[in-house]
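So the chains spell out like this:
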Amino acid sequence: MELTASRSHDSFRAMSQDIYSLRMRSSIGSKHISGAERLLEFPKLEDAASALLTRALNHSRGAAEKISITLQPLAREQLIKRPLLNFSTIEVNNWLQGRQVASELLVQLGLRSEIVKSALSQLAAGPSPDGGVMRGAMLVDAETGQRLESDPARGIRVSRMDLDPAAQPVIDRLLQMAGLCNSRIVEAWVLASKVTLYPQIIAELCWSDDPDYLTGYVASAQHGYQRITHLKEYGNEIGGRVFFIKPATDLGRLIDKLQLEPVLFTPPAENCL
Ligand code: WAQ
Ligand code: MG
């Protein structure tokens, strides 16, 4: 295991007023296994890092061979707080119906159907040049349908986001009441809420690369976090994310924000579960 940190242990303690970006990624050879992004206060780091290690070692895509955990302190002044997207779930009977619903939702947001169709089929075929999954998201130009990420095996990894600690009990209660208790939902909801903060992104489409997790979503500032209960078949290890980008976007600036702007999320505007 590689443990990378940008300060020595002593100065980590000295900086305990700061907030920390904690990231994990794991792989077997060139195969991406899992990743995670947290934004936490000092006292929570040890438990969170240990939970990420356990996740990487016991993953449905395989037990990781290489695990990198990166810890980086950030100044609290840089932090912004925003509300989570509104949340809804659309029940479908199977993945074919689910992909049809996802396409319709994306078209309702103003995307052209041939661009949606092409993005969906690239995602379904394995969006990395080797036909496997990417570590991050595909960026698709909403006008031309072209892929915009400079490294199509890596894509863009959104980072530096988490729930505001004060929101955690509220969100736990909301999810529990809806019978939806799992940290994966919170992580995806937080990620989608960060992605759709930037008006250059029209929408996000996602389904998991875990063979046993079939629910995915379409997210947009306009319609919120719209879960779809089946977006792929059980056993399928291909998943990923597509961000649909408005034409003439300053891509460098957008990518910086997605990767670097630290955001904590408060409960959604509507009690929508
Ligand atoms: N930034 C960009 N892309 C990412 C990131 C990230 N931080 N994390 C993962 N990806 C991409 C990457 O290509 C993965 O292969 C793919 O997404 C899937 O990641 O409400 O679990 O963590 O029930 O497997 C959505 C529905 C679950 C949750 C998504 O994705 C719900 C999920 P996974
Ligand atoms: Mg996964």
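Preceding this section is the structure that the text describes.
Residues numbered from 1 in each chain as written. Chains lettered and ligands numbered in written order. Predicted model: local features only at pLDDT ≥ 70, side-chain atom pairs only at ≥ 80, totals over all residues. Heavy atoms only, no water.

Student: What should I look at first to understand the sheet that holds strand β8 (residues 161-163) in this one?
Tutor: Sheet strands line up and pair through hydrogen bonds in the backbone, either parallel or antiparallel. Read across the open sheet, the 3 strands follow the order β5-β13-β8; overall the sheet is parallel. Single-partner strands in this sheet number two, and they are β5 (80-83) and β8. Going from strand to strand, the sheet's axes swing by 30 degrees on average, the running direction of each strand aside. In the sheet, β8 pairs with strand β13 (residues 263-266) via 3 bridges, with the strands oriented parallel. Paired with M161 across the strands is V263, a residue of β13. Along the sheet, helix α6 (residues 183-195) makes contact with β8 and β13, crossing β8 at roughly 125 degrees. (Pairing = 2+ DSSP bridges. Helix = DSSP H or I, 4+ residues; strand = E, 2+ residues; numbered from the N terminus. Axes fitted to C-alpha atoms, helices over the stretch in contact; angles between N-to-C directions. Contact = heavy atoms within 4.5 Å.)

Student: I'm lost on the side chain of R160 in this one. Help?
Tutor: Topologically, R160 is positioned in the loop between β7 (138-141) and β8. No salt bridge is formed by the buried R160; the nearest opposite charge belongs to E37, separated by 7.7 Å. Of note is the side chain of R160, whose polar atom sits 2.5 Å from the side chain of Q72. Filtering out sequence-adjacent residues up to four positions away, R160 remains in contact with S21, E37, L39, Q72, L74, K194, Q259, L260, E261, P262 and V263. (Buried < 20%, exposed > 50% of the residue type's maximum accessible area, 1.4 Å probe, protein only. Lys, Arg positive; Asp, Glu negative; His and termini not counted. Salt bridge = Lys/Arg side-chain N within 4 Å of Asp/Glu carboxyl O. Polar contact = N/O pair within 3.5 Å; in protein donor to acceptor, adjacent residues only side chain to side chain.)

Student: What is the right way to read the pairing of β13 from this model?
Tutor: Within a regular beta strand, the side chains point alternately toward one face of the sheet and then the other, so they alternate between its two faces. The pairing of β5 with β13 spans 4 bridges and is parallel. Note on β13: the bridge partner recorded for K81 is L264.

Student: I'm lost on the environment of A203 in this one. Help?
Tutor: Topologically, A203 is positioned in strand β9 (residues 201-207). The residues touching A203, leaving out its near neighbours within four places in the chain, are L106, L109, L111, A219, S220, V242, F243 and F244.

Student: Just to check I follow, could you spell out the sheet that holds β7 for this structure?
Tutor: Taking strand neighbours across the sheet as the criterion, the 6 strands line up as β6-β11-β10-β9-β12-β7 in an open arrangement whose pairing is mixed. With partners counted over all chains shown, the strands left at the sheet margins are β6 (87-90) and β7, one partner each. Taking each pair of neighbouring strands and ignoring which way they run, the sheet shows an average axis angle of 20 degrees. The sheet contact formed by β6 and strand β11 (residues 224-228) spans 4 bridges and is parallel. Within β11, the position partnered with T89 by the bridge is R227. Along the sheet face, helix α3 (residues 95-108) touches β6, β9, β10 (216-220), β11 and β12 (240-245) and points at about 160 degrees away from the line of β11.

Student: What is the right way to look at unusual backbone geometry in this model?
Tutor: Residue R160 is not a glycine yet carries a positive backbone phi of 65 degrees. Of the residues examined, R160 reaches a relative accessible area of 9% and is grouped as buried. Its identity as a non-glycine residue notwithstanding, A248 has a phi of 65 degrees, on the positive side. One can find A248 in the loop between β12 and α7 (251-260).

Student: Sorry, what's going on with α6 here?
Tutor: Owing to its 3.6 residues per turn, the α-helix brings residues three or four apart onto one side. Compared with an ideal rise of 1.5 Å per residue, which puts 13 residues at 18 Å, α6 spans 18 Å between its outermost C-alpha atoms and is within 8% of the ideal. Among the 13 residues of α6, 10 are classified as buried, and the element is accordingly described as predominantly covered. Listed as buried for α6 are I185, V186, A188, W189, V190, L191, A192, S193, K194 and V195. (Expected span 1.5 Å × (residues − 1).)

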